[in-house]
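Residue-level structural notes
The lines below spell out each chain.
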Amino acid sequence: MAEKGGSVFVQYLMLTKSNYSIWAIKMKALMRAQGVWDAVVAVSGKVDDTMDQKALTAIYQSIPDDVFAFIAEKTTSHEAWEAIKTNRLGDDRIKEARLQTLKSEFERLKMKDTETIDDFALRMTTIANGIRGLGEKFDETTAVKKILRAVPSKFLQIASAIEQFGDFKIMTMEQVIGRLKVHEEQLRSYVEDNQDGEQLLLTRSEWRARERRRDKSKDKCFNCQD
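The paragraphs below set out a description of the structure included in this document.

Analysis parameters
- Residues numbered from 1 in each chain as written.
- Predicted model: local features only at pLDDT ≥ 70, side-chain atom pairs only at ≥ 80, totals over all residues.
- Heavy atoms only, no water.
- Helix = DSSP H or I, 4+ residues; strand = E, 2+ residues; numbered from the N terminus.
- Contact = heavy atoms within 4.5 Å.
- Phe/Tyr/Trp six-rings, centres within 6.5 Å; stacked < 30°, edge-to-face > 60°.
- Buried < 20%, exposed > 50% of the residue type's maximum accessible area, 1.4 Å probe, protein only.
- Lys NZ or Arg CZ within 6 Å of the ring centre and 35° of its normal.
- Polar contact = N/O pair within 3.5 Å; in protein donor to acceptor, adjacent residues only side chain to side chain.

**Section: the side chain of S21**
- With respect to the helices, strands and loops of the structure, S21 is situated in helix α1 (residues 20-33).
- Sequence-distant contacts of S21, that is, excluding residues within four places in its chain, are made with N129, G130 and G133.

In structure tokens form, the structure reads like this:
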């Protein structure tokens, strides 16, 4: 969102076939900032027409032509929003099935030994946003506890320390990820240093072996005097 000459220009995320959850979260935040989100969530009662049209315009600007054709006959932002939601998420049975699938994925989620903290956090956030996008509550504490219990053994020491001394009521996912990334960098530096040391030892060993072979080449055979 940028302001120039008294006018506010908003960069909307374009809706695709696979990004509904992220799109809905960002659109909700942008329309709240513009003061028009109340029109979208209003089910009944009088809604300010100007607010409603601004919200509808914001939705129009963030959808492709095929979706626009689908909601063109909707007269309010609430109707348009709900139509898009139904189109992307399906009816209640499909929605519930998707929700259970995402919850199962979340429960089974484990960080791979070869995976970075950033990559794992992205996987987890994608699932969490999908759950939120389906209307299910997903709080920060759940995400924090999951991260700490899904990391591989090389992170167990720092994870245990965070669990023991941290306050889950105020701890954020970003804070936990930040601490794990510091530990990850320390592990990486340690491994690199050890690899250098092993290479140095290997080189010294090879050097000593060459020296021993050189010394032996000077020995004479007492039988043939060679």
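Moving on, there is more to tell.
**Here's the deal with the packing of aromatic side chains**
- Taken as a whole, this structure holds 5 aromatic pairs when the rule is applied.
- When the ring of W23 is compared with that of W81, the centres are 5.2 Å apart and the planes differ by 20 degrees; the resulting orientation is stacked. With W23 in helix α1 and W81 in helix α5 (residues 77-89), the pair connects residues that are 58 residues apart, well separated along the chain.
- With a relative accessible area of 7%, W81 lands in the buried category.
- Relative to F138, the ring of F106 has its centre 5.0 Å away and its plane inclined at 85 degrees; by these criteria the two rings are edge-to-face. Residue F106 is located in helix α6 (residues 92-108), and its partner F138 is located in the loop between α7 (117-133) and α8 (140-150); the two are separated by 32 residues in the primary sequence. Of the two residues, F106 and F138, both sit in the buried class.
- What links up through ring pairs into an aromatic cluster is the set Y20, W23, W37 and W81.
- Positioned above the aromatic ring of F168 is the side chain of K145, whose terminal nitrogen or guanidinium carbon lies 5.5 Å from the ring centre.

**Digging into the environment of Y12**
- In this structure, Y12 sits in the loop between β2 (7-9) and α1.
- Sequence separation between Y12 and L30 is 18 residues, and the spatial gap between their C-alpha atoms is 8.1 Å.
- When residues no more than four places from it in sequence are discounted, the contact partners of Y12 are M27, L30, Q34, A58, Q61 and S62.
- In this structure the side chain of Y12 is engaged in a polar contact, spanning 3.2 Å, whose partner is the side chain of Q34.

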